[in-house]
Amino acid sequence: QVQLVESGGGLVQPGGSLRLSCAASGFTFSRYAMSWYRQAPGKERELVAAITTAGGSTNADSVKGRFTISRDNAKNTVYLQMNSLKPEDTAVYYCKVTRAWYDYWGQGTQVTVSS
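Criteria and thresholds
- Residues numbered from 1 in each chain as written.
- Predicted model: local features only at pLDDT ≥ 70, side-chain atom pairs only at ≥ 80, totals over all residues.
- Heavy atoms only, no water.
- Helix = DSSP H or I, 4+ residues; strand = E, 2+ residues; numbered from the N terminus.
- Rg over C-alpha atoms; globule rule 2.2 N^0.38 Å.
- Buried < 20%, exposed > 50% of the residue type's maximum accessible area, 1.4 Å probe, protein only.
- Areas by Shrake-Rupley, 256 points an atom, 1.4 Å probe, with all protein chains shown as cover.
- Pairing = 2+ DSSP bridges.
- Axes fitted to C-alpha atoms, helices over the stretch in contact; angles between N-to-C directions.
- Phe/Tyr/Trp six-rings, centres within 6.5 Å; stacked < 30°, edge-to-face > 60°.
- Lys NZ or Arg CZ within 6 Å of the ring centre and 35° of its normal.
- Disulfide = S-S within 2.5 Å.
- Salt bridge = Lys/Arg side-chain N within 4 Å of Asp/Glu carboxyl O.

Undergrad: How do you make sense of the overall build of the chain when you look at a structure like this?
TA: Counting its secondary structure elements, the chain contains zero helices and eleven strands. For the chain, the α and β elements follow one another from N to C terminus as β-β-β-β-β-β-β-β-β-β-β. Here the chain has a C-alpha radius of gyration of 13 Å; the compact-globule value for 115 residues is 13 Å, and the two agree. Overall, the C-alpha framework of the chain stretches about 40 × 25 × 20 Å when taken along its three principal axes. Each of the 115 residues in the chain was classed as buried or not, and the buried ones make up 39%. Working note: accessible area of the chain is about 6,200 Å², and carbon and sulfur atoms make up 47% of it.

Given below as structure tokens:
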């Protein structure tokens, strides 16, 4: 079965960096686009970044120039490098894959940006 496991979240000061990882299993990872979403308290879940099977990527306007999505097909893992973090980046971050028109989500990892 499809399984997505995020890791790498934590508490970081404004201006700091974190790298999130999402380890995937249960499907042929290299054949699927992957994406990162986040959900802050009291807000809807929003798309942060997405990466195609060929490695092309898109970012939300709010994170352009600060976040980078990448993938390692040999490790079945998608990453989110987050630099210049701001308090408004505080949220639970989730990775997602859509397979056979169904969205699979990980359990999420908490990112807190605070001094």
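Undergrad: Would you mind showing me how to read the sheet that holds strand 3 (residues 18-25) here?
TA: Working definition: the strands of a sheet are paired by backbone hydrogen bonds and lie parallel or antiparallel to each other. One open sheet accounts for four strands, arranged 1-3-8-7; its pairing is antiparallel. Strand pairing shows two members of the sheet lacking a second neighbour, strand 1 (3-7) and strand 7 (67-72), which therefore form its edges. Between one strand axis and the next, the sheet turns through 15° on average, direction left out of account. When strand 1 meets strand 3, the two strands line up antiparallel, connected through five bridges. Residue pairing for strand 3: Val5 is matched across the bridge by Ala23.

Undergrad: What should I look at first to understand the packing of aromatic side chains in this one?
TA: The geometry of an aromatic ring pair is captured by the separation of the ring centres together with the interplanar angle, meaning the angle of the planes. One pass over the full model with this rule turns up five aromatic pairs. Ring plane angle 45° and centroid distance 6.3 Å describe the contact between Phe27 and Phe29, whose orientation is recorded as tilted. Summarising the burial analysis for this pair, Phe27 and Phe29 share the class buried. Ring centres of Tyr94 and Trp105 lie 6.3 Å apart, and the angle between their planes is 90°; on these two criteria the pair is classed as edge-to-face. Taken together, the residues span a long stretch of sequence, with Tyr94 in strand 9 (residues 91-99) and Trp105 in strand 10 (residues 102-105) at a distance of eleven residues. With relative accessibility at 13%, the residue Tyr94 sits in the buried group. The ring of Phe29 is capped by Arg71, whose NZ or CZ atom sits 4.5 Å from the centre of that ring.

Undergrad: What should I look at first to understand the state of the cysteines in this one?
TA: The term disulfide refers to a covalent linkage connecting the sulfur atoms of a pair of cysteines. Summed over all chains, the structure comprises one disulfide. Each sulfur of the disulfide joining Cys22 and Cys95 lies 1.9 Å from the other. With the S-S dihedral at roughly 50°, the linkage between Cys22 and Cys95 falls on the right-handed side. Of this pair, Cys22 sits in strand 3 while Cys95 sits in strand 9, placing them 73 residues apart in sequence. Classification of Cys22 as buried rests on a relative accessible area of 0%.

Undergrad: Quick question: what am I supposed to make of the pattern of salt bridges here?
TA: Opposite charge on two side chains allows them to pair when their charged atoms are near. The final tally for this structure, using the stated rule, is five salt bridges. Two residues, Glu46 and Arg38, come together in a salt bridge whose shortest N-O distance is 2.7 Å. A relative accessible area of 35% places Glu46 in the partly exposed class. The buried category is assigned to Arg38, whose relative accessible area is 6%. Asp61 serves as the salt-bridge partner of Lys64, at 3.1 Å between the closest nitrogen and oxygen.

Geometric values such as these leave the question of function open.
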